[in-house]
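# Examining the three-dimensional arrangement
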Amino acid sequence: MANREPLLKTIPIAELRPTQMTVGYREVAEKRRRWRDYDGEKKKAFLGAHMIPTLLGPKKRHYIIDHHHLSRALHEEGVESVLVTVVADLHYLDKDAFWTVCDHKSWTHPYDAEGVRQHFKDIPKSVDALVDDPYRSLAGELRRAGGFAKDTTPFSEFLWADFLRRNIKEKRIEGDFSSALERAMALAKSKDADYLPGWCGPLTRPIR
C-alpha cells in the first residue's frame, strides 16, 4: 500500500480532508503569527520544506495524516495551495474499508472536543470545519515549555490533552492560561503521567 518513493503534488488546502475532529485554536493562532513574520522568500522556502503527508483515499481525495494545525493556519492566512506527499494510495477502497485501515494504522483520531470517540462520518470534510479543543492547545504549549518530549507515537499530544482534560478544569484554561500551564507542568512531572509518550519526569533514583 505504501509508496516506495514519495509522490509530491500541489493541492488546494480547501480540498484537503482531515482525519481528526479537532485542533487547538491557540496553536493555530501561534502558527499564523509565525507565518506573518516571514518575508516573501522565507514563506516560499517554508512551504517547500513543510509538505503535508496525505493518504489518497476514496474518490482520490487527499486525507491529511499530520500537520492539521499548519494546514488550518495557512488556510486562515489566505494560502490557497500546499505541497503534499502521498504516503499511501488507498483510493481503491470503499469508505468503510478506508477508515478501518486508517484506524488500525493510527492514521485517524476520531475524538471530539470532549475527548469522546465519534463515528468516522462525523470527521469534518475540510480543515476550516475543525473545532477547537483547548486541551490540545495546552498540551502543545506544555511540550514547548519542556513538560514532555516530542515523540513519534501517533497523536501523542492528544493523549496528553486527554490526561490534562481529566485533571484541569476548562474554565482555568480559558480564564488564566498561564496558571493552567503551570498546573499542567506540575502534572507532567508527576508519576501519574509516566505512562504517556515523551514523559520526562524526575528520576526515581539518583545517577551514580
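Structure: above.
This text gives an overview of the structure that appears in the document. Keep in mind that this is a model prediction, so the values were computed, not measured.

Another aspect to go through is the packing of helix 5 (residues 134-144) against helix 6 (residues 156-165). At a minimum axis separation of 8 Å, helix 5 and helix 6 run at an interaxial angle of 110°. When the interaxial angle is binned, helix 5 and helix 6 end up roughly perpendicular. Here the hand of the crossing between helix 5 and helix 6 comes out right-handed. Every residue of helix 6 that contacts helix 5 at Tyr-135, Arg-136, Leu-138, Ala-139, Gly-140, Leu-142 and Arg-143 is listed here: Glu-157, Phe-158, Trp-160, Ala-161, Leu-164 and Arg-165. When its residues are assigned to classes, the contact of helix 5 with helix 6 shows eight nonpolar, one polar and four charged.

Quick look at the pairing of strand 3 (residues 52-56) now. A large share of strand 3 lies buried, amounting to five of its five residues. By the alternation rule, side chains of strand 3 split into Ile-52, Thr-54 and Leu-56 and Pro-53 and Leu-55, which are all buried. Direction of pairing for strand 3 relative to strand 5 (residues 81-89): parallel, over a ladder of five bridges. Pairing of Leu-56 across the sheet is with Asp-89, part of strand 5. Linking two consecutive strands that pair antiparallel, namely strand 3 and strand 4 (residues 62-64), is a turn of five residues; a positive phi of about 60° is found at Lys-59 within it.

Here we come to unusual backbone geometry. One non-glycine residue with positive phi stands out, namely His-67, at about 65°. One can find His-67 in the loop between strand 4 and helix 3 (68-76). The backbone phi angle of Phe-155 is positive, close to 55°, even though this residue is not glycine. Structurally, the position occupied by Phe-155 is in the loop between helix 5 and helix 6.

A few words now on the packing of aromatic side chains. Scanning all chains against the criterion turns up eleven aromatic pairs. Relative to Phe-46, the ring of Trp-35 has its centre 5.9 Å away and its plane inclined at 65°; by these criteria the two rings are edge-to-face. Remark: Phe-46 occurs in helix 2 (residues 40-49) and Trp-35 occurs in helix 1 (residues 25-37); sequence separation between them is eleven residues. Taken together, a centroid distance of 5.6 Å and an interplanar angle of 90° make the contact between Tyr-63 and Trp-99 edge-to-face.

Our next topic: the environment of Ala-186. Examined against the element boundaries, Ala-186 turns out to sit in helix 8 (residues 177-188). In this structure the C-alpha to C-alpha distance between Ala-186 and Gly-201, which are 15 residues apart in sequence, comes to 9.4 Å.

This part takes up the layout of surface pockets. Size it by volume and the largest pocket reaches roughly 900 Å³. Lining the largest pocket are 35 residues, and of these Asp-66, His-67, Arg-136, Lys-150 and Glu-157 sit closest to its centre. Mapped by element, the contributors of at least two residues to the lining of the largest pocket are helix 1, helix 3, helix 5 and helix 6. For the lining of the largest pocket, the element with the most residues is helix 1, which contributes six residues. Split by residue class, the lining of the largest pocket holds 13 nonpolar, nine polar and 13 charged. Here the second largest pocket is characterised by a volume of approximately 180 Å³. In terms of lining, the second largest pocket is formed by Arg-17, Pro-18, Tyr-63, Lys-95, Asp-96, Trp-99, His-119, Phe-120, Lys-121, Ile-123, Pro-124 and Lys-125. In the lining of the second largest pocket, the residues fall into six nonpolar, one polar and five charged.

Analysis parameters
- Each chain carries its own residue numbering, running from 1 in the direction its sequence is written.
- It should be noted that, the model being predicted, local features are given only for residues of pLDDT at least 70 and side-chain atom pairs only at 80 or more, the latter also being counted only at that level, while totals for whole chains, interfaces and linings use all residues.
- Computation of side-chain values: all heavy atoms of the structure, hydrogens and water removed.
- To obtain each axis, a line is fitted to C-alpha atoms, and for helices this fit is confined to the stretch in contact; angles are then taken between N-to-C directions over 0 to 180 degrees.
- Helix and strand definitions here come from DSSP, where helices need a minimum of 4 consecutive H or I residues and strands a minimum of 2 consecutive E residues; each element is numbered from the N-terminal end.
- For classification purposes, an angle smaller than 35 degrees is called roughly parallel, one larger than 145 roughly antiparallel, one from 65 to 115 roughly perpendicular, and anything else oblique.
- For a crossing to be left-handed, the near helix must be turned anticlockwise from the far one by less than a right angle; the clockwise case is right-handed.
- By definition in these notes, contact holds between two residues if any of their heavy atoms fall within 4.5 Å.
- In this count, Pro and Cys sit with the nonpolar residues alongside Ala, Val, Leu, Ile, Met, Phe, Trp and Tyr, while Asp, Glu, Lys and Arg are called charged and the others, Gly among them, polar.
- Any residue under 20% of the maximum accessible area for its type is buried, any over 50% is exposed, and the rest in between are partly exposed; the area is computed with a 1.4 Å probe on protein chains only.
- Strand pairing is defined by DSSP finding a minimum of two bridges between the two strands.
- Here a Phe, Tyr or Trp ring, Trp counted by its six-membered ring, pairs with any other such ring whose centre lies within 6.5 Å, and the pair is stacked when the planes are under 30 degrees apart, edge-to-face when over 60, and tilted otherwise.
- Site definitions follow a grid-based scheme: protein atoms alone, a 1 Å grid, a 1.4 Å probe that fits but cannot get out for cavities, and for pockets an open set with protein on both sides within 12 Å along at least five of seven lines, plus lining residues having an atom within 4 Å of a point.
- Grid points are joined across faces, edges and corners, and a volume is the space filled by probe spheres set on the points.

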